[in-house]
Structures are given as structure tokens and as C-alpha cells.
Amino acid sequence: MAETSGSSGTTQSEQTIENLLNKARASISKKEIKEAIGDILTAIDFCSCNKGNTKQVRHGKDKSCHLKQFVNGVRSKDLDAIYDVANSPCSCGFAWPSCSSPKHLEAIDLLTESLETEGHYVSAITTGLGIIRLRPISAAGYCRVAKTIRLILKLEKEGKKAKRVNPKVARTLATLEKDAGLTTARLYIFMKKLVQAGLNNTSEKYRNDAHDEYDQILMRMAHSLKLQDSLRDPAAKLPLELLRQIFSHLDTSDVIRSLRVSKKWNRIIKHDTLLWEEVRLAQPHNPGNRVFATWLRGHQGVKSLTIDEVSGFGLSAKRLYMLLFGLPNLQCLIIKTAAPHRCDTIQELDPAPSPSQKLGLAQLSLDGYQAPVSLLVQLLDLSKDTLEVLDLVQTGSKPERAIEAVRMPKLRSLWVDIDMAGTSTEEHVLRMPEIVASTPNLEAFCLNGFQLEWTPGQPTPQGWRQLKHASFGPAMGIEAHTQGTILLPRIFPPMTESMEKIEIMTMNPVIAHNYLFTVMDGAEARHPLHSQEMGLEFDEGKLPKLPNVELFRSRCAIDVGLLGRLLAVPAAREGSLRVLELAVEQRWAVRQRHLWCPVVGLESIVVPAEAFVWMESEKIEHLGLYFFNYAGFAFQYGQRFNGQPFLDWLDKFPALNSVSVYPDWPGEGVMPFIGKLILHPRVKKIFQDSLRTGYEWDEACLLAVQRSVDLYHCDFNVPYGPSLFKNW
């Protein structure tokens with residue numbers, strides 16, 4: 001047979017075989033099995049291994065010799081016996097063809113399937129064994145024979161159960177027993193040993209090509225038959241260093257389960273000190289003090305311990321003491337709970353630590369765990385010389401008193417968030433001078449849920465010269481023993497040029513203006529601002545300089561002129577500013593106007609492209625606007641929402657890729673505005689709270705998918721704090 005190459009790189013014979021096999025598949029789907037078998041045999045004749053013959057030379061109809069040869073090979077204890085049988089002539093002298101062509105193998109596999117479908121089970125088995133003869137290192141033949149035998153055994157079992165004999169199955173079992181001595185029990189053993197031989201012959205011992213789907217099927221069959229080779233360690237040939245690297249990416253609960261896989265894994269995991277340096281427990285149950293003490297003795301190298309849900313752990317005063325002093329290398333302790341009512345309240349450690357005992361904690365994070373002031377003071381005092389990160393989120397009443405009581409010279413990050421539900425604001429009064437004195441070298445802070453206290457003549461807070469990140473949460477207020485002014489000097493330490501991220505999520509303008517515009521004048525903190533009848537004026541040249549600010553977010557409207565001088569030249573135009581979110585209207589200010597002086601520009605329409613022209617920058621990547629379209633202020637043009645001025649502003653920022661928009665009472669017309677944002681060529685991410693459910697939300701989501709834009713519904717109160725510092 002002459003062969004020519006086709007345009008696709010396949011030979012003419014391969015293309016002919018493919019066409020015939022497709023025709024055979026169509027016939028099988030129509031239950032025309034005889035026609036399918038004819039097409040398959042013709043396809044086999046076109047294989048290149050035929051060497052020019054018109055038809056393949058085939059074994060005679062009686063293939064009992066062929067079957068018996070394989071049965072004898074399986075009975076042998078030699079794992080290579082089947083491989084030798086496949087590569088040797090039949091006992092009758094017939095030389096079976098050997099071919100590496102995938103099409104030839106595919107054709108015989110399809111022939112076996114056709115015979116099985118027709119109920120010719122003996123022929124299907126012998127033809128499947130022919131696949132093994134054709135290419136013994138392929139899993140296809142072993143899978144096909146095992147599948148056929150499993151079908152025979154299944155039908156025979158179903159017939160016994162229904163007390164009805166299947167003639168084809170009965171005839172098959174009789175033939176197999178007569179020709180090869182395979183009773184029903186022996187047939188099952190033959191299947192198991194043939195699959196076992198298949199695992200041996202398809203291993204790297206005989207082949208070096210890539211495995212295919214048949215290899216996966218063969219492994220699943222071996223696993224269902226509970227063969228020993230199917231239970232072999234898949235990582236047995238991996239280097240020890242690579243195996244340890246894989247284990248290091250598992251959660252601690254998965255690592256603990258891996259201990260039970262094998263003795264080898266148990267030994268590797270137990271002796272890997274690096275693997276146990278960081279332990280994370282999702283929802284641990286109460287282990288009992290004796291078991292817990294044993295665990296502590298076996299894991300002295302733990303440096304970081306996280307308990308994601310401590311409510312079921314039974315954390316008592318004694319167990320907390322065991323945890324803290326039973327892990328001598330512990331540097332990070334994170335305890336979380338979503339069910340604080342199920343946790344025991346610990347007043348103090350039991351037993352009480354001696355004066356000489358100290359902890360080496362660099363990070364202490366409590367999230368939701370109710371810790372009284374007495375316990376917090378104890379923990380902070382034990383770690384005051386090493387503590388660098390302190391997170392106290394929803395930890396109960398008055399954590400600020402514990403911070404004020406202990407000086408922590410190495411503390412770099414402070415996050416304190418108080419749940420205001422069920423408590424009065426007087427219970428959480430924050431005295432900034434004491435907080436600054438306790439944390440003189442702080443680099444980042446996030447405060448939420450406090451009332452800041454200020455009285456005339458209070459000392460200027462000294463410290464925080466290295467501060468880089470500052471975040472005020474939405475529930476921050478101020479308790480000032482004065483009225484009629486927004487200017488309260490000496491309430492905050494002056495900002496330095498090291499500031500990188502500023503987040504003011506409170507709507508209180510007193511906090512915003514006093515934090516942003518406090519400067520040092522000699523040894524005194526003062527404001528470069530002066531309260532005037534129509535707003536605020538400033539001393540030129542005495543405003544803080546912030547050249548390194550990368551992120552600035554404010555939900556509080558700030559004087560347009562002052563903000564421009566604070567951020568424009570040093571940050572925006574020099575290229576450090578990347579994230580900018582501003583408010584153009586202030587509801588709190590309107591309702592509480594008697595407490596402070598009006599902000600310049602508040603009662604006029606603030607068009608961003610005009611009012612914030614100083615903010616144009618080639619480096620800003622994220623832009624946000626709060627409270628536009630407020631009734632009577634900003635972008636209120638008639639009854640419909642109008643966000644066009646914001647859209648016009650986006651064109652000033654060539655590097656822009658994400659926006660956040662939080663209109664105040666947008667009403668009708670917000671959907672077209674969101675649609676225009678989605679269609680904007682630069683916008684790839686949108687954060688908003690106007691659309692959440694319903695037809696308009698579904699339409700917006702569909703349009704966003706079509707434009708490859710990520711559309712999110714996010715409450716404007718979040719995110720804030722350390723998570724924002726990391727994610728942006």
C-alpha cells in the first residue's frame with residue numbers, strides 16, 4: 001500500500017482508518033453491530049503494519065490456544081510472564097502482529113467493544129487479549145479484558161439473584177471453563193492477576209512515554225480490586241526535600257491526616273521541624289489537658305499558632321498558661337472565634353506567672369475572643385519587650401486601658417476595633433497622649449469604635465515619628481470639651497513625611513481636619529488653620545508635607561484648597577499616589593453644623609475635574625467618590641441621578657483600572673451610570689453599593705462579563721484597616 005502525506009501531516013492510510021472507525025461508531029450507535037465489525041476489520045487492513053498485504057493475516061476462529069496461553073501466564077508467579085507471552089507466538093504457531101500505531105490499537109479496542117455489545121463475550125475477551133499482544137505496554141488491553149470479565153460476573157450475579165439464567169452468560173462461562181479451566185471463581189482471580197500484570201507492564205520498567213486515560217482507568221480498577229500495587233505511595237520517588245515542600249503548603253489539619261497515610265509519611269512529618277513551625281487549627285475539639293500536654297512536648301519548635309475557632313477548644317486559664325509557656329519558641333499567637341458566648345472568660349492566667357517569666361511573642365492577635373482588661377494587661381506585660389504586632393478586634397470592654405498600662409517600645413502595628421453594640425460611647429474613651437506614650441515607635445495603626453477625648457491644655461502627644469499607615473474606622477468620634485470650632489490642637493501627634501497610607505472612614509470632620517493639619521511649631525503642636533466666618537484659612541508654607549503617600553481615602557469632606565496643598569505637589573504630581581478616594585458632601589456636617597465651622601466649597605456643586613484639577617496624575621490606578629448626588633448639594637440635577645462629572649474626571653488618569661462609587665440616594669438613573677462605567681475603556685474593576693439584586697443588577701453583571709469587567713457590591717464602610725494595607 002503506497003502512503004502519501006496529507007495536508008495535516010497524517011498519512012493517507014491513517015485518514016482512511018479514521019474515516020472507517022467513525023463510520024463504525026455511527027453504526028454502533030444505531031445498533032448495527034455487524035456493519036460496524038466489517039468496517040473495523042477493513043480499517044485494520046489499512047494499517048501500515050500490514051506491509052502491503054490486501055488483508056491482515058488473522059488467527060483462526062478457535063482461539064482457545066491463545067486464551068489458554070494467557071491463563072497459564074497469569075498462573076505463573078512471575079510478574080513478567082504476561083509480557084513474555086505477549087511478545088511470543090501463539091502456542092499454535094501463529095505469529096501475532098506487533099504494532100505501535102495508535103489507530104491500530106484504537107481499532108481493536110473498538111472491535112472488542114462491538115463484540116461485547118453484541119454479547120460475544122468470549123470473542124471480546126480473546127480480542128482484548130489481542131490488544132495486549134499488539135502492544136503489551138499499553139493499558140488499553142488490560143482495561144478492556146477486565147471490563148468484559150467484570151460485566152460477565154455482574155450479569156451472572158444478577159441472574160442468580162433474580163433466579164433467571166442469562167443464556168449468553170451461561171454459554172460464555174461454560175466455554176471458558178471448557179477451553180481454559182476458568183470457573184466463575186477462577187475467572188475473578190484471572191481478572192485480578194491480569195490487572196496486576198498490567199500495572200507491572202505499563203510501569204516505567206518497560207515504557208518511557210507519557211501515560212494516557214487508560215492508565216488512570218487501570219489504576220482505578222486496581223484500587224477497586226484492592227491490589228497492593230494500587231496502594232503504593234505516589235510520592236515514593238520524590239526527593240525528600242520536594243516532599244517536605246509539598247507538605248509545607250498543607251493546612252495543619254491536612255498535615256495531621258497525612259500522618260496516618262503511611263509509616264514513611266508519619267516519620268517524615270514528625271521529624272520535619274520546619275513543617276511544625278507554623279500551626280493552623282481550623283476548629284479543634286477539646287483535647288483534654290493530658291493529651292494537650294503531650295502534644296506540646298512533641299512540638300517544641302512551633303513558632304506560630306493560629307486557632308481559627310477556639311469555642312470548642314476549651315481554652316481555660318490553665319490551658320492558656322500551658323500553651324504560652326509550653327511552646328518556648330512561640331512568636332505568633334492568633335486566636336479567633338465567631339461564638340464568644342461559648343468561650344470561657346479568663347480573668348488571669350493560672351497559675352500566675354512569676355516576675356522572671358517572659359514571653360517571646362512578636363504578634364498577638366485576638367479576634368472575637370472576649371479578654372478582660374486584667375488578662376490583656378498580663379499578656380502585654382509578659383510580651384512588652386518583644387511585641388511588634390497587636391490586633392484586638394471585638395475583644396470585650398476597655399482594651400484601651402490595657403494598652404495605656406503597658407509600654408511596648410518595639411510595637412510597630414496596632415489594630416484595635418471595638419464592637420459598639422450594647423455599650424455607650426463613654427465606655428470607650430481613647431486618651432491619645434497615653435496611647436502614644438505606650439507605643440512610641442508605631443508604624444501603623446487602625447482604630448475603630450472609640451471616642452477620642454480632648455480637653456483644653458492637654459499635653460501634646462510625643463512619638464510616632466516613624467508612622468507610615470493610619471486608619472480611622474467608621475465608628476470613630478470625638479469627645480471635645482469645647483464647642484464652635486473644628487480646630488483642636490495637640491489631639492494627635494503631627495504627621496511626618498514617612499506617611500504612606502491614610503484612611504479616614506469616619507464622617508467626623510473634626511477628626512479628619514485635626515489629624516491631617518496638625519504641625520509642629522517649635523516644641524508645640526498647632527494648626528496652620530484659622531477659623532473664619534466663611535470657612536478655614538491657612539498659613540502658607542506651614543502645612544504638612546506628604547511626598548510618599550500611596551493611598552488616601554476619606555469618607556469625610558475636606559476643604560478642597562487645603563487637600564490640594566496637602567497631596568497635590570508632593571504626592572500626586574511626583575507620582576507616589578496610587579489610590580485616591582474622596583467625599584464631596586458631608587451629611588454629618590450638615591446635621592451637626594453648630595459644632596464646627598463650615599468647610600469651604602461645601603454648599604456649592606463640586607465638579608471633580610475642576611475642583612480637583614491639582615490631583616491629575618499619570619500614576620493613580622484607583623479612583624473613588626463618596627456622597628455625590630446628595631439632595632441639595634453636589635451633583636443633584638433635577639430628579640434623576642447624574643454621574644457624568646465623575647465620568648469626565650476619569651479621563652484625567654491614564655493609568656486608571658478600578659473605581660469605587662458610592663452615590664448618596666442615587667435614585668433613578670443609577671443603572672445607566674454603572675453601565676457607562678462598565679463600558680469605560682480603562683475601568684476593569686468597579687466597587688459600588690447602588691445595585692445589589694434584581695433586574696438591573698443582573699443586566700449590569702451580564703454587561704460586565706461581556707466587557708471582562710469585575711463588578712462588586714461592597715458596603716462603603718469596608719474594607720478598612722490592615723487588610724486594606726496588605727491588599728491594595
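Treat the numbers as computed from the prediction; the structure is a model and nothing was measured. (Residues numbered from 1 in each chain as written. Predicted model: local features only at pLDDT ≥ 70, side-chain atom pairs only at ≥ 80, totals over all residues. Heavy atoms only, no water.)

Student: Got a sec to walk through the pairing of strand 6 (residues 413-417)? Specific residues and values, please.
Tutor: With 4 of 5 residues buried, strand 6 is to be regarded as a mostly interior element. Taken together, strand 5 (residues 389-393), helix 17 (residues 399-405) and strand 6 constitute a β-α-β crossover, and its handedness is right-handed. For strand 6 and strand 8 (residues 444-448), the ladder comprises 5 bridges, and the chain directions are parallel. Of the residues in strand 8, the one forming a bridge with S413 is A444. (Buried < 20%, exposed > 50% of the residue type's maximum accessible area, 1.4 Å probe, protein only. Helix = DSSP H or I, 4+ residues; strand = E, 2+ residues; numbered from the N terminus. Right-handed = clockwise from strand over helix to strand, strands pointing away. Pairing = 2+ DSSP bridges.)

Student: Provide a residue-level description of the pattern of salt bridges, including the pertinent values.
Tutor: Applying the stated criterion to the full structure yields 21 salt bridges. In this structure, the salt-bridge partner of E156 is K160, at a minimum N-O distance of 3.2 Å. You can see E156 and its partner K160 sitting in helix 7 (residues 140-162), 4 residues apart, about one turn around the helix. Given the relative accessible area of 16%, E156 is considered buried. Put simply, R431 and E404 hold a salt bridge, and the shortest N to O gap is 2.7 Å. Highlighted residues: R431 in the loop between strand 7 (429-430) and helix 18 (432-438) and E404 in helix 17, separated in sequence by 27 residues. Here E404 falls in the buried class, since its relative accessible area comes to 16%. The network of salt bridges with common partners includes E400, R401, E404, R431 and E434. (Salt bridge = Lys/Arg side-chain N within 4 Å of Asp/Glu carboxyl O.)

Student: I'd like a description of the confidence of the model for the chain, backed by residues and values.
Tutor: Looking at the chain as a whole, the pLDDT averages 81, with 82% of positions reaching at least 70. For residues 520-525, every residue scores under 50 in pLDDT, and the model assigns this stretch 14 contacts once sequence neighbours within four places are set aside. Note that pLDDT drops below 50 for residues 724-728; the model gives that stretch 14 contacts with residues more than four away or on any other chain. (pLDDT = per-residue confidence, 0-100. Contact = heavy atoms within 4.5 Å.)

Student: Could you give me a rundown of a nonpolar patch on the surface, with the residues and numbers involved?
Tutor: A contiguous nonpolar patch, built from L238, L242 and I246 and spanning about 230 Å² of accessible area, is present on the exposed surface. Mapped onto the secondary structure, L238 falls in the loop between helix 10 (213-224) and helix 11 (240-247). The class for L238 is partly exposed, based on a relative accessible area of 33%. (Patch = residues over 30% accessible without salt bridge, like charges linked within 9 Å, V, L, I, M, F, W, Y side chains within 5 Å. Areas by Shrake-Rupley, 256 points an atom, 1.4 Å probe, with all protein chains shown as cover.)

Student: Any chance you could break down the packing of helix 5 (residues 102-118) against helix 7 for me, citing the residues and the numbers?
Tutor: For any two helices packed against each other, the geometry is given by the interaxial angle and the distance between the axes. Interaxial distance between helix 5 and helix 7 falls to 11 Å at its minimum, and their mutual angle equals 5°. Classified by the angle their axes make, helix 5 and helix 7 are roughly parallel. Contact residues: helix 5 offers L105, D109, T112, E113 and E116, while helix 7 offers A140, R144, K147, T148 and L151. Across the contact of helix 5 with helix 7, the residue classes break down as 3 nonpolar, 2 polar and 5 charged. (Axes fitted to C-alpha atoms, helices over the stretch in contact; angles between N-to-C directions. Parallel < 35°, antiparallel > 145°, perpendicular 65-115°, else oblique. Nonpolar A, V, L, I, M, F, W, Y, C, P; charged D, E, K, R; others polar.)

Student: I'd like a description of the side chain of R319, backed by residues and values.
Tutor: Take R319: it is sitting in helix 15 (residues 317-326). Notably, R319 is buried but unbridged: the nearest opposite-charge side chain belongs to D344, and the N-O separation is 8.3 Å. The residues touching R319, leaving out its near neighbours within four places in the chain, are N286, P287, G288, N289, F292, F313 and G314. (Lys, Arg positive; Asp, Glu negative; His and termini not counted.)

Student: Lay out the environment of L703 with the relevant residues and their values.
Tutor: Here L703 shows up in helix 25 (residues 694-706). Separated by 24 residues in the primary sequence, L703 and L679 have C-alpha atoms spaced 8.4 Å apart. Excluding anything up to four places from it in sequence, L703 contacts G675, I678 and L679.

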